[in-house]
Amino acid sequence: QSHIDSLKRDLSYSTEDTNKVKTLNRLGLAYAWSIPDTGMIYASEALDLAKKLKWDFVEFIAYVIMGNCLVTLGNYPMALDYLFKTLSYYEKPTSRQGIESVYGALSLAYRDMGDYRQSLNYLWKWMYREGTRVNHFLLGNLSSVYAKNNQPEKAKIAFEKAIKYYKVAKTNYLLADVYIFSSEF
C-alpha cells in the first residue's frame, strides 16, 4: 500500500509530461490484479497522455496493462484485442523491448481461458526469445499453467526454480501466485 500511496502522491504533483505517463502506468499495473477497474482507469489516462505526447513505446505499455486488467476482469476477447495490438507493435525489429510483458499477459489470458497449449506457447516464445533471462516471473507463470493443466510434477519443478530465482531477485512480486499453486503438489 505504501508503494501505491507514494505513486499517488507523485501523481498529485505531476504535470502533463512523460513522468506523469510513467506514474499512471505504474498505478495501473499496481491495481491490475487486485482492483482491475481502477487499474484500467489509470492505464487509460496513461494511454491518452502518451498519445498526446506522441510516445508510442509507453502507449503500448498502457495497452499491456489494460490487457492484464481485462484478463483479471475475465473479459478475454477485449484483453486479447489489446494484447495482439500491442504484440504487432513489439514484433517490429525496432520495438522489441517489452515483448516479454505481452507474451506473459497472453499466456495468462489463455491460461485463464483454459487453453493451456496456447498459454504454454507464449511462455515458450518468452523463454526462448534471444536475450531473455529466465526469472521468477516466467517460472511462476509456467508453474501456474502446469498446475492448472493438472501436470503437478512439471508445476513443482517450475515452482522450485521460481523460488530459487525469487530469492536471488529479492522481490515478492508474483510469489503469492507461486505459493498458491504449491498446495497442489
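Residues numbered from 1 in each chain as written. Predicted model: local features only at pLDDT ≥ 70, side-chain atom pairs only at ≥ 80, totals over all residues. Heavy atoms only, no water.

S.K.: Please provide a residue-by-residue account of the overall build of the protein chain, values included.
M.R.: Scanning the protein chain for helices and strands turns up 10 helices and zero strands. When the helices and strands of the protein chain are placed in sequence order, the string is α-α-α-α-α-α-α-α-α-α. Burial analysis of the protein chain (185 residues in total) assigns 46% to the buried set. In the protein chain, 48% of the contacts between residues at least 6 apart in sequence involve partners at least 24 apart. When the accessible area of the protein chain is evaluated, it comes to approximately 9900 Å², of which 52% is carbon and sulfur surface. (Helix = DSSP H or I, 4+ residues; strand = E, 2+ residues; numbered from the N terminus. Buried < 20%, exposed > 50% of the residue type's maximum accessible area, 1.4 Å probe, protein only. Contact = heavy atoms within 4.5 Å. Areas by Shrake-Rupley, 256 points an atom, 1.4 Å probe, with all protein chains shown as cover.)

S.K.: Break down the packing of aromatic side chains for me, with residues and values.
M.R.: To describe a pair of aromatic rings, you give the distance between the ring centres and the angle between the ring planes. Going through the model one piece at a time under the given rule, you end up with 10 aromatic pairs. Both rings, one in Trp124 and one in Tyr128, keep their centres 5.9 Å apart while their planes meet at 35°; by these two values the pair is tilted. Pairwise contacts between aromatic rings join Phe57, Phe60, Tyr63, Tyr82, Tyr89 and Tyr90 into one cluster. Sitting above the plane of the Tyr82 ring, Lys85 keeps its charged end 5.8 Å from the centroid. (Phe/Tyr/Trp six-rings, centres within 6.5 Å; stacked < 30°, edge-to-face > 60°. Lys NZ or Arg CZ within 6 Å of the ring centre and 35° of its normal.)

S.K.: How would you sum up helix α1 (residues 2-12)? Please name residues and give values.
M.R.: Every buried residue belonging to α1 is among Ile4, Leu7 and Leu11, and all of these are buried. Projected down its long axis, α1 carries its buried residues within an arc of 60°, all on one side. Exposed and facing more than 90 degrees away from the buried side of α1 are Ser2 and Ser12. (Arc of directions from axis to C-beta.)

S.K.: Pulling in residues and values, what's your account of the confidence of the model for the protein chain?
M.R.: Of all residues in the protein chain, 86% attain a pLDDT of 70 or more, and the chain-wide mean is 85. Of all helices and strands in the protein chain, the one with the weakest mean pLDDT is helix α10 (residues 175-182) (50), whereas helix α3 (residues 36-52) scores best (97). Every residue in residues 181-185 is under pLDDT 50, and counting partners more than four places away or in other chains gives 10 contacts. (pLDDT = per-residue confidence, 0-100.)

S.K.: Tell me about the nonpolar core, and name the residues and values.
M.R.: Among soluble globular proteins, nonpolar side chains are generally buried collectively. Formed by 54 residues in total, the largest nonpolar core has its most connected members in Leu27, Leu87, Tyr90, Leu106, Leu123 and Leu142. If we skip the residues at most four places from it in the chain, Leu27 touches Ile4, Leu7, Lys8, Leu11 and Tyr42. (Core = buried A, V, L, I, M, F, W, Y, C linked by side-chain atoms within 4.5 Å.)

S.K.: Just give me the short version of the side chain of Asn25, but keep the residues and values in it.
M.R.: Here Asn25 lies in helix α2 (residues 18-31). With relative accessibility at 5%, the residue Asn25 sits in the buried group.

S.K.: Can you explain unusual backbone geometry? Please cite residues and give values.
M.R.: For Lys54, which is not a glycine, the phi torsion comes out positive at approximately 55°. Checked against the element boundaries, Lys54 lands in the loop between α3 and α4 (56-73). For Lys54, a relative accessible area of 70% puts it in the exposed group. A positive phi angle, near 60°, is found at Asn150, a position not held by glycine. Following the sequence through the fold, Asn150 ends up in the loop between α8 (136-148) and α9 (152-169).

S.K.: I'd like to hear about the environment of Lys161, residue by residue, with values.
M.R.: Mapped onto the elements, Lys161 comes out in helix α9. Given the relative accessible area of 44%, Lys161 is considered partly exposed. Along the chain, Lys161 and Val134 lie 27 residues apart, while their C-alpha atoms are 9.7 Å from each other.

S.K.: Explain the pattern of salt bridges to me, and be specific about the residues and the numbers.
M.R.: Summed over all chains, the structure comprises three salt bridges. A salt bridge links Asp112 to Arg111; its shortest N-O distance comes to 2.8 Å. Looking at Asp112, the relative accessible area reads 30%, which means it is partly exposed. A relative accessible area of 12% places Arg111 in the buried class. When salt bridges with common partners are traced through the structure, they connect Glu16, Lys20 and Lys52 into a single cluster. (Salt bridge = Lys/Arg side-chain N within 4 Å of Asp/Glu carboxyl O.)

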